[in-house]
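# Summary of the model geometry
One letter stands for each residue in the lines below.
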Amino acid sequence: MKGKLLIVFYSKYGYVKRYVDILGNAIGCDAVPADKCRGDMLAGYDKILYIGSVRGGVINGFGKFSEYLGAVYKKLIVCGVGYMPFRNHIPQRVKEATISVAYEKFVPVFYAQGGFDLDELGRMEKMQLAMRVRQIQSAEILSDEDTFLMSVVKAPIDEVKKENVQPLIDYIEGRTVDEKLYSPPEITDAEEEKQFFAELDSAAKAPDDKKRELKKKLKK
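Residues numbered from 1 in each chain as written. Predicted model: local features only at pLDDT ≥ 70, side-chain atom pairs only at ≥ 80, totals over all residues. Heavy atoms only, no water.

## Brief notes about the overall build of the chain
Across its full length, the chain carries nine helices and eight strands. In terms of C-alpha radius of gyration, the chain reaches 19 Å, essentially the compact-globule figure of 17 Å for 220 residues. Principal-axis analysis of the C-alpha atoms gives the chain an extent of 50 × 45 × 35 Å. Every one of the 220 residues in the chain was classed for burial, and the buried ones make up 44%. Of all intrachain contacts in the chain linking residues separated by at least 6 positions in sequence, the fraction that spans at least 24 positions is 75%. A distance of 2 Å separates the average location of the 35 positive side-chain charges in the chain from that of its 33 negative side-chain charges. (Helix = DSSP H or I, 4+ residues; strand = E, 2+ residues; numbered from the N terminus. Rg over C-alpha atoms; globule rule 2.2 N^0.38 Å. Buried < 20%, exposed > 50% of the residue type's maximum accessible area, 1.4 Å probe, protein only. Contact = heavy atoms within 4.5 Å. Lys, Arg positive; Asp, Glu negative; His and termini not counted. Charge placed at Lys NZ, Arg CZ, Asp CG, Glu CD.)

As structure tokens, then:
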């Protein structure tokens, strides 16, 4: 691996932690739970990987970690772990839901399937899931995700395996990764980065109508 890596992880049900162990065995790294991560820990590393479970399309625990984005976005890699099998659109969707407009164009985002077991959920989570199941049952058309959710509610799954994070391992080790397997950074050039932040600054200072237009432009 080129450079020293720190993994910051949020693992509620254990699937993420098992991926951390797989990554550690494959490439060697330090790791710290997200709730124990401090800003002064990040400076000594060439790469930072944040990996956490995906709930509601967002990576758990990233909200608090995002306070460090301004310092680490150039060396940050993000990976979400969810119950859904990998689909090409998921990394980009997770990126847009999790990372702020100011930094999402700089950060590569990966996704790996983990697992799901209804018995692991807390009371509130089970209530929320029951509401979602009722919505699905009353729907006339089911999406791929709806169908898969109904299947895992009936039968637990565990898909944690090295092959699911092999593209992430390859990326960390500097090998070329098919862009269909993750959401690559859109801005890597220093001049383009400078222009982007200038436009972002203009958007922040613009009147509300202009601000909306500029924000839409920056999202593209």
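## Quick look at the packing of aromatic side chains
Two measures describe an aromatic ring pair: the distance that separates the ring centres and the angle between the ring planes. One pass over the structure, following the stated rule, counts 16 aromatic pairs. Note on Y50 and F65: the rings are 5.1 Å apart at their centroids and 40 degrees apart in plane angle, and the pair reads as tilted. Remark: F65 occurs in helix α2 (residues 62–65) and Y50 occurs in strand β3 (residues 47–55); sequence separation between them is 15 residues. The two residues Y50 and F65 agree in class, both being buried. Here the aromatic rings of F196 and F197 are separated by 5.5 Å at their centres, their planes lie at 75 degrees, and the arrangement is edge-to-face. Through pairs of rings, three or more aromatic residues link up here, namely Y73, Y103, F106, F196 and F197. Positioned above the aromatic ring of Y45, the side-chain terminus of K4 is 5.0 Å from the ring centre. (Phe/Tyr/Trp six-rings, centres within 6.5 Å; stacked < 30°, edge-to-face > 60°. Lys NZ or Arg CZ within 6 Å of the ring centre and 35° of its normal.)

## Quick look at the nonpolar core
Ranked by size, the top nonpolar core spans 68 residues in total, and within it V8, I51, F65 and L76 carry the most contacts. It is helix α1 (residues 15–27) that provides the largest number of residues to this core, a total of seven residues. Those residues within four positions of I51 in sequence are excluded, and the remaining contacts are I7, V8, F9, Y10, V16, Y19, V20, L23, C79 and V81. (Core = buried A, V, L, I, M, F, W, Y, C linked by side-chain atoms within 4.5 Å.)

## Topic: the confidence of the model for the chain
The predicted model of the chain averages 91 in pLDDT, with 92% of residues at 70 or higher. Highest mean pLDDT in the chain belongs to strand β6 (residues 109–113) (98); lowest belongs to helix α9 (residues 208–219) (56). (pLDDT = per-residue confidence, 0-100.)

## What to know about the pairing of β6
Most of β6 is tucked away: five of the five residues are buried. The alternating pattern of β6 places V109, Y111 and Q113 on one face and F110 and A112 on the opposite face, and all of these are buried. Where strand β5 (residues 76–82) and β6 come together, five bridges link them in parallel fashion. Looking at the pairing, G82 lines up with Q113 of β6. Where the polypeptide runs from β5 across helix α4 (residues 90–98) and back to β6, its parallel neighbour, the crossover connection is right-handed. (Pairing = 2+ DSSP bridges. Right-handed = clockwise from strand over helix to strand, strands pointing away.)

## A short note on helix α6 (residues 144–154)
If you check which residues of α6 are buried, you get D146, F148, L149, M150 and V152. Residues of α6 that are buried sit in contact with β6, β7 (115–116), α5 (123–138) and β8 (157–158).

## What to know about the pairing of β5
As a general feature of sheets, a regular strand has side chains that alternate between the two faces. Among the seven residues that make up β5, seven are buried, leaving the element largely enclosed by the rest of the structure. Every second residue of β5 is oriented toward a common face, with L76, V78, G80 and G82 on one face and I77, C79 and V81 on the other, all of them buried. Judged from the six bridges that link them, β3 and β5 form a sheet pairing that is parallel. The partner of I51 across the bridge, within β5, is C79.

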